[in-house]
Amino acid sequence: MQQPQDPPAADRPAPSEGGAPRVAPQHGPAPAGAPDGRQATEAGREATAVGRLAGTVERLRLELDRAQAHSAGRAVVEMGVGVLVERLRCGPTEAAGQLESLAEQAGVSTLALAADLVNQAAADQISALARAFVEEAAVPPEQPGRPGGPDRADRTAEPAEPMAVRLRSTEADALAGGDAAAAARAMLDHALRPLGVAAVAVWAAHPDLSLSLAGSAGFHEEEALRWRHVPPGVPTPARRALDERAAVGYPTLAEASLPSVGQHEIRGGRLAVPAGKGGRLIGVLELCWHERLPEQSQPLQRQFEALAEVAAATLESGGEPEPHAPDPADSRFEELRRLTDGLLDPCMILRVAPDADDLPPPFVIRHVNPAFVDFAGRPTGAIAGARLLEAYPLAAEPGGLAEKVEHVFATGEPFRTPDLRLAALVDGVPLVTRAQVSISRHGGHLAVVWRLDDGTPRVARLLQHAQRLGRIGGFEEDLRTRRIVWNDTLFELHGLPPGAPPIALDQLPDHAHPDDRHAIGRFLRTLLHHHRPASTAFRLQRPDGVTRHIRVVAEPVSGPGSGLRTVRGAYQDISAQHWTEVALAATRDQLAQSEQQAAERSRLALQLQHAIMPPAHGPLDLPDLRVGVRYRPAEKGHLVGGDWYDALPLPSGDVLLCVGDVAGHGIEAATGMVALRNALRGLAATGAGPAQLLGWLNSVTHHLTDQVTATAVCGLYRPGSRRLRWARAGHPPPVLLRGARASTLPQLGGILLGAVDQADYAEGELVLEPGDRLVMYTDGLIERRDESFQASLTGLMALAEQACDTAAGGADGLEEHLDHLLRYSNADTDDDTCLVGIAVR
């Protein structure tokens, strides 16, 4: 007979045990198409009950985890009591009291003090590892001898005390279990899961070079059975570790191209650590990750070696269980498994839980095929082996998956539907999707096949990866019931174990840096008093001593009557961004200083250049000649070049005409230009010819300047006879205009200045006529990136002839001629340009 329900009791929240619960009960939505009136009310109550059931299942799972951890912790405490019994020569009761008293005086937990006592008394890997951690932690961060440098606190997984407690708890739980299977479960639950390990395998080595799977955790039952024996000669990661007598790691199992247990479920990194006793290797501890193999720091390697010692102790004590053969009465299961493994759609095989007397019977997910995709985005290892209502608590809603499974199992009638609502809890938040579902009975098993109609699993996985990569954790806090929901990322971000009570918003200032408490106060006032969304950044001081830069953003959620009921939001670890911004700010300051120095150098170079060679001035009248000059600086102001020119009457009566170009830009090019120009002036006073002058100037450039090279054209004009002698050092030849026809002077041989110690230069001679114009220039007038030098020179001659048509002839049109050449030059190298025009009168 069905018992009557008490509505007020049904609506009361479950009592809080051990502080605020990690996951609050969720209220599932009413089924689509629910009737109105009283039936709608009944449907709403049923949906509410299902939501409370899902929350209760999650809370019970957490309580079970805490109970298991407490059991292992009690074993460590009992070992600590035993140490005190031996040292104090007292009874167990007195020793237990002494242990609690000493822990209270030291300000640590009883479990931590017990682990410390055991480590001091023991002489094994765990005690050595704990002492090494304490010694490293004692070195100040600023000392160069500290392993890992100043940032070690951010990279070390945990401080010494929790690490030692975890390893001792693992050892105690493994010894209590008595076999390798229990040891594998203890290692995964207490020591390895916090390090991101998804599964663990303990292999036993045999004299014939074969391996047997002595124990495992995190793998499906059938997967472990398939790998219970590995014949000799099979190259697995465990075999490689035994052959090399050292730990071997692989970034991913696919990259290693080695077979191993769980190769289709857990495809990430693998690490195989040899396990031995007394110098003799008797097995291997293999660790599996879903992601790539993390960086193996020295502290992590020591922990894995200590766990391998625990595995070896278990194997040495005869802890290898006999492999469980499949039930002979279950002959149809293997056939059904092979059939479902060939399906392209996700499929799971259910069976009634062993020794189940409940009605309706509970179902266990015995197997999932390789194509299986959990629509909540969880790995298959978290689904296989679990009870259906533990993996999918919301399947118990009216008309849900559990009801359809029970019907098919009871009647044997297959069930098919093109649209069924599937729901699951992801970090305490309901995730709903629609799918095509088929359920059929095969003896004592059920095959459940679904085909998802949307990208929900992909979206869920993307959300989880985005939270992991962005280091974002979500939360929701009920301000009336004080129930707080945190996802797994948030526990890791705060440095708390998964079973720890979440931190309420009003307790946040106690966990922040003192200088940031005012900012958190403004955040809470805006959020809780003014009921407006708010955000702030602060420094979180974690229990493990690590300080992280955190940004929190939250919004108020009003309940019935417009009262504030719930606050939801997210925390994000922005430590990397903070330090990047600090580095960028320092870089910007250095860049601004460098730009200021460069601008100052450019200004000085420009002033020096203008003092020696003004950009433009009036024509210069010399005997028989009129000389005009144009200088065009580079478009970019900081590219002050080394172009120079000179037109100077000499004591011998000749006129010195020259143009040069020092390689490079900036203050070095400007000072080099001044040095060469003044040197040539002094050398010209000797009366030597232009070829000799360039030879001497080359030696000056090579010896007296700092790695400067330059090109130049040097000419000596003798009035009266109008004879021009000239030479060139790697410079473009001058252009002669006679009778409106342009031509270049012969390209005499001569290497650029400063390239070698001694150089010879050819000398040419030309008699000018009245009306002739001679153009001397630097390469900035003609150079183009898409043309050869000869093509650019041909273009200059054509432009010079065109300028003769527009400008007046003789000396009067010289200025206009030069302006035309400079204005219509098609050079595109953004180099400075020096142009000298000489008109013969």
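Since this is a predicted model, take the numbers as computed values, not measurements. (Residues numbered from 1 in each chain as written. Predicted model: local features only at pLDDT ≥ 70, side-chain atom pairs only at ≥ 80, totals over all residues. Heavy atoms only, no water.)

(A) Quick look at the overall build of the protein chain. In terms of helices and strands, the protein chain carries 23 helices and 27 strands. When the 841 residues of the protein chain are sorted by exposure, 46% land in the buried category. Across the protein chain, the fraction of contacts at a sequence separation of at least 24, relative to all contacts at a separation of at least 6, is 62%. Accessible area of the protein chain: about 40,600 Å², with a carbon and sulfur share of 53%. (Helix = DSSP H or I, 4+ residues; strand = E, 2+ residues; numbered from the N terminus. Buried < 20%, exposed > 50% of the residue type's maximum accessible area, 1.4 Å probe, protein only. Contact = heavy atoms within 4.5 Å. Areas by Shrake-Rupley, 256 points an atom, 1.4 Å probe, with all protein chains shown as cover.)

(B) Fine view of helix 15 (residues 401–411). Among the residues making up helix 15, those that are buried are Leu401, Ala402, Val405 and Val408. One side of helix 15 carries all its buried residues, which in axial view fall inside an arc of 130 degrees. With its phi angle positive at about 75 degrees, glycine 412 sits one or two positions after the end of helix 15. (Arc of directions from axis to C-beta.)

(C) Up close: the packing of helix 8 (residues 180–192) against helix 12 (residues 298–316). With their axes 9 Å apart at the nearest point, helix 8 and helix 12 run at an angle of 160 degrees to one another. The orientation of helix 8 with respect to helix 12, classified from their angle, is roughly antiparallel. Note that helix 8 runs across helix 12; the crossing there is right-handed. Within the contact between the two elements, helix 8 uses Ala180, Ala183, Met187, Ala191 and Leu192 and helix 12 uses Phe304, Leu307, Val310, Ala311, Thr314 and Leu315. In terms of residue class, the contact of helix 8 with helix 12 is made up of ten nonpolar, one polar and no charged. (Axes fitted to C-alpha atoms, helices over the stretch in contact; angles between N-to-C directions. Parallel < 35°, antiparallel > 145°, perpendicular 65-115°, else oblique. Left-handed = near helix turned anticlockwise from the far one by under 90°. Nonpolar A, V, L, I, M, F, W, Y, C, P; charged D, E, K, R; others polar.)

(D) Representation of unusual backbone geometry in the model. Located in the positive-phi region is arginine 245, a residue other than glycine, with phi close to 55 degrees. Relative to the helices and strands, arginine 245 resides in the loop between helix 10 (237–244) and strand 4 (248–250). Relative accessible area serves as the criterion here: at 56%, arginine 245 is assigned to the exposed category.

(E) The pairing of strand 12 (residues 472–478), seen in detail. Across seven bridges, the pairing between strand 12 and strand 16 (residues 564–573) is antiparallel. Looking at the pairing, glycine 473 lines up with tyrosine 571 of strand 16. One ladder, built from three bridges, connects strand 12 with strand 13 (residues 484–486); its direction is antiparallel. In the strand pairing of strand 13, phenylalanine 475 is matched with tryptophan 486. The turn joining strand 12 and strand 13, which pair antiparallel and follow one another in sequence, is formed by five residues; a positive phi near 65 degrees is taken by arginine 482. (Pairing = 2+ DSSP bridges.)

(F) Representation of the sheet that holds strand 15 (residues 547–558) in the model. Spatially, the five strands line up as an open sheet ordered 13-12-16-15-14, and their pairing is antiparallel. Only two strands of the sheet have a single partner each, and these edge strands are strand 13 and strand 14 (534–541). Strand-to-strand twist of the sheet, defined as the mean angle between neighbouring strand axes without regard to direction, takes the value 20 degrees. Lying over the sheet, helix 18 (residues 517–529) contacts strand 14, strand 15 and strand 16, oriented at roughly 140 degrees with respect to strand 14.

(G) Representation of the confidence of the model for the protein chain within the structure. Residue-level pLDDT values for the protein chain average 78, and 74% of them are 70 or greater. Per-residue pLDDT stays below 50 along residues 1–36; that stretch engages in 53 contacts with residues further than four places along the chain or on separate chains. pLDDT under 50 marks residues 129–161. Its contacts with residues more than four places away, or in other chains, come to 46 contacts. (pLDDT = per-residue confidence, 0-100.)

(H) Structural detail: the nonpolar core. In terms of nonpolar packing, the biggest core is built from 30 residues, with Met348, Tyr392, Leu401 and Trp450 touching the most fellow members. Breaking this core down by element, the ones donating at least two residues are strand 7 (347–352), strand 8 (363–368), helix 14 (388–391), helix 15, strand 9 (415–426), strand 10 (429–442) and strand 11 (445–452). Core analysis: the second largest hydrophobic core is formed by 29 residues, Ala191, Ala217, Leu271 and Leu307 among them. (Core = buried A, V, L, I, M, F, W, Y, C linked by side-chain atoms within 4.5 Å.)

(I) Region of the structure containing the environment of arginine 542. As for its placement among the helices and strands, arginine 542 is situated in the loop between strand 14 and strand 15. For arginine 542, a relative accessible area of 14% translates into the label buried. Taking C-alpha positions, arginine 542 is 8.8 Å from leucine 493, a pair spaced 49 residues apart along the chain. Only 2.7 Å separates the side chain of arginine 542 from the side chain of aspartate 544, close enough to count as a polar contact. (Polar contact = N/O pair within 3.5 Å; in protein donor to acceptor, adjacent residues only side chain to side chain.)

(J) Region of the structure containing the pattern of salt bridges. With the rule as written, the count across this model stands at 30 salt bridges. The closest approach of N and O atoms between aspartate 345 and arginine 451, which form a salt bridge, is 2.8 Å. Placement of the pair is aspartate 345 in the loop between helix 13 (331–341) and strand 7 and arginine 451 in strand 11, with a sequence separation of 106 residues. Using a relative accessible area of 43% as the deciding quantity, one classes arginine 451 as partly exposed. We note a salt bridge from arginine 723 to glutamate 765, for which the minimum N-O separation is 3.3 Å. Note that arginine 723 is positioned in strand 22 (residues 723–729) and glutamate 765 in strand 25 (residues 764–767), a separation of 42 residues in sequence. Because the salt bridges share partners, they merge into one network encompassing Glu334, Arg337 and Asp341. (Salt bridge = Lys/Arg side-chain N within 4 Å of Asp/Glu carboxyl O.)

(K) Spotlight on helix 18. With 13 residues, helix 18 extends 17 Å between its outermost C-alpha atoms, agreeing within 8% with the 18 Å of an ideal straight helix rising 1.5 Å per residue. Those residues of helix 18 that sit buried are Ala519, Ile520, Gly521, Phe523, Leu524 and Leu527. Next to the buried residues of helix 18 lie strand 14, strand 15 and strand 16. Looking at the residues trailing helix 18, positive phi occurs at histidine 531, about 60 degrees. (Expected span 1.5 Å × (residues − 1).)

(L) Layout of the pairing of strand 6 (residues 280–288). With seven of nine residues buried, strand 6 lies mostly within the body of the structure. The sheet contact formed by strand 5 (residues 270–277) and strand 6 spans eight bridges and is antiparallel. Within the sheet, the bridge partner assigned to valine 273 lies in strand 6 and is leucine 285.

(M) Summary view of the sheet that holds strand 5. Reading across from one edge, 3-2-1-6-5-4 is the order of the six strands in this open sheet, with antiparallel pairing throughout. Among the strands making up the open sheet, the edge pair consists of strand 3 (229–230) and strand 4. Against the sheet, helix 8 makes contact with strand 1 (199–205), strand 2 (211–217) and strand 6, and its axis sits at roughly 45 degrees relative to strand 2, the strand it touches most.

(N) Up close: the environment of aspartate 654. Tracing the backbone through its elements, the reader meets aspartate 654 in the loop between strand 19 (642–649) and strand 20 (655–662). Look at aspartate 654 and you get buried, because its relative accessible area is 6%. Between the alpha carbons of aspartate 654 and alanine 685 there is a distance of 9.9 Å; along the sequence they are 31 residues apart. Once you skip the residues sitting within four places of it in the chain, aspartate 654 turns out to touch Leu648, Pro649, Tyr717, Arg718, Pro719 and Arg725.

(O) How the structure looks around the packing of aromatic side chains. For the structure on display, the rule yields eight aromatic pairs. With a centroid separation of 6.2 Å and 70 degrees between ring planes, the pair formed by tryptophan 289 and phenylalanine 304 is classed as edge-to-face. On the criterion of sequence distance, the pair formed by tryptophan 289 in the loop between strand 6 and helix 12 and phenylalanine 304 in helix 12 is long-range, its members being 15 residues apart. Note on tryptophan 486 and phenylalanine 491: the rings are 5.1 Å apart at their centroids and 70 degrees apart in plane angle, and the pair reads as edge-to-face. By relative accessible area, which is 1% here, tryptophan 486 ends up buried. An aromatic cluster of at least three residues, connected via ring pairs, comprises Phe372, Phe375, Tyr392 and Trp450. (Phe/Tyr/Trp six-rings, centres within 6.5 Å; stacked < 30°, edge-to-face > 60°.)

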